[in-house]
Amino acid sequence: MDPVSVGLVGAGPWAEMAHAPMLAKGPHTRLAGVWARRPEAAARLGAPVYERIEELFDNCEAVAFCVPPAVQAELAVKAAAAGKALLLEKPLADSIEGARKLAEAVQTHGVASQMILTMRYAAQTKAFIAKCREIEPFGGHAANISSVLVGDHPFGTPWRKERGALLDVGPHVIDLLDAALGKVTGVRAHGDPRQWTGLLLDHEGGAVSEASLCMAAPGDTPPSFFAVYGRAGSAVLEAFDDDPLETVAAEFAQTVRQGGGHPLDAAHGLRLQEIVASAEEQLAGP
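Residues numbered from 1 in each chain as written. Predicted model: local features only at pLDDT ≥ 70, side-chain atom pairs only at ≥ 80, totals over all residues. Heavy atoms only, no water.

A. View of the overall build of the protein. Within the protein, the secondary structure is distributed over 11 helices and 11 strands. Along the longest, intermediate and shortest principal axes, the C-alpha atoms of the protein span 55 × 40 × 35 Å. Residues classed as buried in the protein amount to 54% of the 286 residues present. For the protein, the share of sequence-separated contacts (at least 6 apart) that also reach a separation of at least 24 residues comes to 72%. Side chains of the protein give 24 positive and 35 negative charges; the mean places of these two sets differ by 2 Å. (Helix = DSSP H or I, 4+ residues; strand = E, 2+ residues; numbered from the N terminus. Buried < 20%, exposed > 50% of the residue type's maximum accessible area, 1.4 Å probe, protein only. Contact = heavy atoms within 4.5 Å. Lys, Arg positive; Asp, Glu negative; His and termini not counted. Charge placed at Lys NZ, Arg CZ, Asp CG, Glu CD.)

Dropping the structure here:
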């Protein structure tokens, strides 16, 4: 199978650290070019730089996005209208309205889509979810604690500082609990997204889970933690140091070549956005 030619939108730190190397490495994908609002940053990524995003669309089969959520929601709609498959970052957008428009564009134009919910692509995560399905789960808990919003962190970007952990790491945590315990059907939230947020999730089938999110803890912080308990045992997500991005590229190439969707597609991203929005509304208060 020939590698899928993928154009990259965005040239920030995560694009330089993750997206560009992942797409350029092959053998499943080829980095066809880059468009960014800062051409000098795009030039560092080792691929042709296009002045107009439409020129990038003309020279690739698919488009990967590594830009703030509001920008992704706007530009991915244009890429879908151009008939390009989409490799999307989480969160899907910065608002429910933006997420719905993007999900509708994917459906209207019949393009393939896939989201980079990084943890879901690791072999250890897949084994964890498989075990959860065997133990008749009734409850679980998770924590994702970091120092991203402290000091001059490279990922302490304006949208993260404004919206905090719930919009940034919330989709990762909610998605994994959703996969392990059943679809989330309800959410209750308390705290402050820019400091500490607690979530109580109801799952289809009666299971419940709790999640703690924080990106404002200074110093060294523990790795993220996921544990699920059931009538036939328990499951804990093991730590991993392999590169799940290799699996992202392989699965995206397969998604594009098959011309269909992916379990982690734009529609799934919209559902996660709706859960996050419900929690944010509760935190905002009356």
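Text resumes after the structure shown.
B. Spatial organisation of the sheet that holds strand E1 (residues 4–9). On the basis of which strands lie adjacent, the open sheet formed by five strands has the order E2-E1-E3-E4-E5 and parallel pairing. Here the strands that pair on one side only, and so sit at the sheet edges, are strand E2 (29–35) and strand E5 (113–116). Neighbour-to-neighbour, the strand axes of this sheet turn through a mean angle of 25°, independent of strand direction. Two elements, E1 and E2, share six bridges in a ladder whose sense is parallel. Bridged to Ser5 within E2 is Arg30. (Pairing = 2+ DSSP bridges. Axes fitted to C-alpha atoms, helices over the stretch in contact; angles between N-to-C directions.)

C. A look at the environment of Ala99. For Ala99, the location among the structural elements is in helix H5 (residues 96–109). Leaving out residues up to four positions away in the same chain, Ala99 has contacts with Leu92, Ala93, Leu270 and Gln273.

D. Looking closely at the pattern of salt bridges. Summed over the entire model, instances satisfying the criterion amount to 14 salt bridges. Close ionic contact of Glu61 with Arg257 constitutes a salt bridge, the shortest N to O distance being 2.6 Å. Of this pair, Glu61 sits in the loop between helix H3 (53–58) and strand E3 (62–65) while Arg257 sits in helix H10 (residues 244–258); the two residues are 196 residues apart in sequence, bridging distant segments of the chain. The class for Arg257 is partly exposed, based on a relative accessible area of 35%. Note that Arg163 is salt-bridged to Glu280, the shortest N-O span being 2.9 Å. With a gap of 117 residues between them, Arg163 in helix H7 (residues 158–163) and Glu280 in helix H11 (residues 266–284) connect regions that are remote in the sequence. Taken together, the salt bridges that share partners define one network made up of Lys90, Arg160 and Asp168. (Salt bridge = Lys/Arg side-chain N within 4 Å of Asp/Glu carboxyl O.)

E. Highlighting the pairing of strand E7 (residues 184–191). Of the pairings in the sheet, the one linking E7 to strand E8 (residues 197–203) comprises seven bridges and is antiparallel in character. Residue pairing for E8: Val184 is matched across the bridge by His203. In textbook terms, the turn of a hairpin is the stretch between consecutive antiparallel strands, and for E7 and E8 this stretch comprises five residues.

F. Just helix H1 (residues 13–25), in detail. For H1, which comprises 13 residues, the first-to-last C-alpha distance of 18 Å matches the rise-based estimate of 18 Å (1.5 Å per residue) to within 8%. Of all the bends in H1, the greatest reaches close to 30° and is centred on His19; the proline Pro21 follows between one and four positions later. Burial in H1 covers these residues: Ala15, Ala18, His19, Ala20, Met22 and Leu23. Among the structural elements, E1, E2, E3, strand E4 (85–89), E5 and H10 are those in contact with the buried residues of H1. Positive backbone phi, at 70°, marks Gly26, one or two positions downstream of H1. (Expected span 1.5 Å × (residues − 1). Bend = angle between axes of the 7 residues up to and from the residue.)

G. Main features of the packing of H5 against H11. Where H5 meets H11, the axes come as close as 9 Å, and the angle between the chain directions of the two elements is 165°. Taken together, the axes of H5 and H11 are roughly antiparallel relative to one another. Like other packed secondary-structure pairs, H5 and H11 cross with a definite hand, here left-handed. Residues Ile96, Ala99, Arg100, Ala103 and Val106 of H5 pack against Ala266, Leu270, Gln273, Glu274 and Ala277 of H11. Broken down by class, the residue content of the contact of H5 with H11 amounts to seven nonpolar, one polar and two charged. (Parallel < 35°, antiparallel > 145°, perpendicular 65-115°, else oblique. Left-handed = near helix turned anticlockwise from the far one by under 90°. Nonpolar A, V, L, I, M, F, W, Y, C, P; charged D, E, K, R; others polar.)

H. Molecular detail of the packing of aromatic side chains. Under the defined criterion, the tally for this structure stands at one aromatic pair. Here the aromatic rings of Trp14 and Phe155 are separated by 5.9 Å at their centres, their planes lie at 80°, and the arrangement is edge-to-face. Of the two residues, Trp14 is situated in helix H1 and Phe155 in the loop between strand E6 (137–145) and H7; the sequence distance between them amounts to 141 residues. The class of Phe155 is buried, set by a relative accessible area of 18%. (Phe/Tyr/Trp six-rings, centres within 6.5 Å; stacked < 30°, edge-to-face > 60°.)

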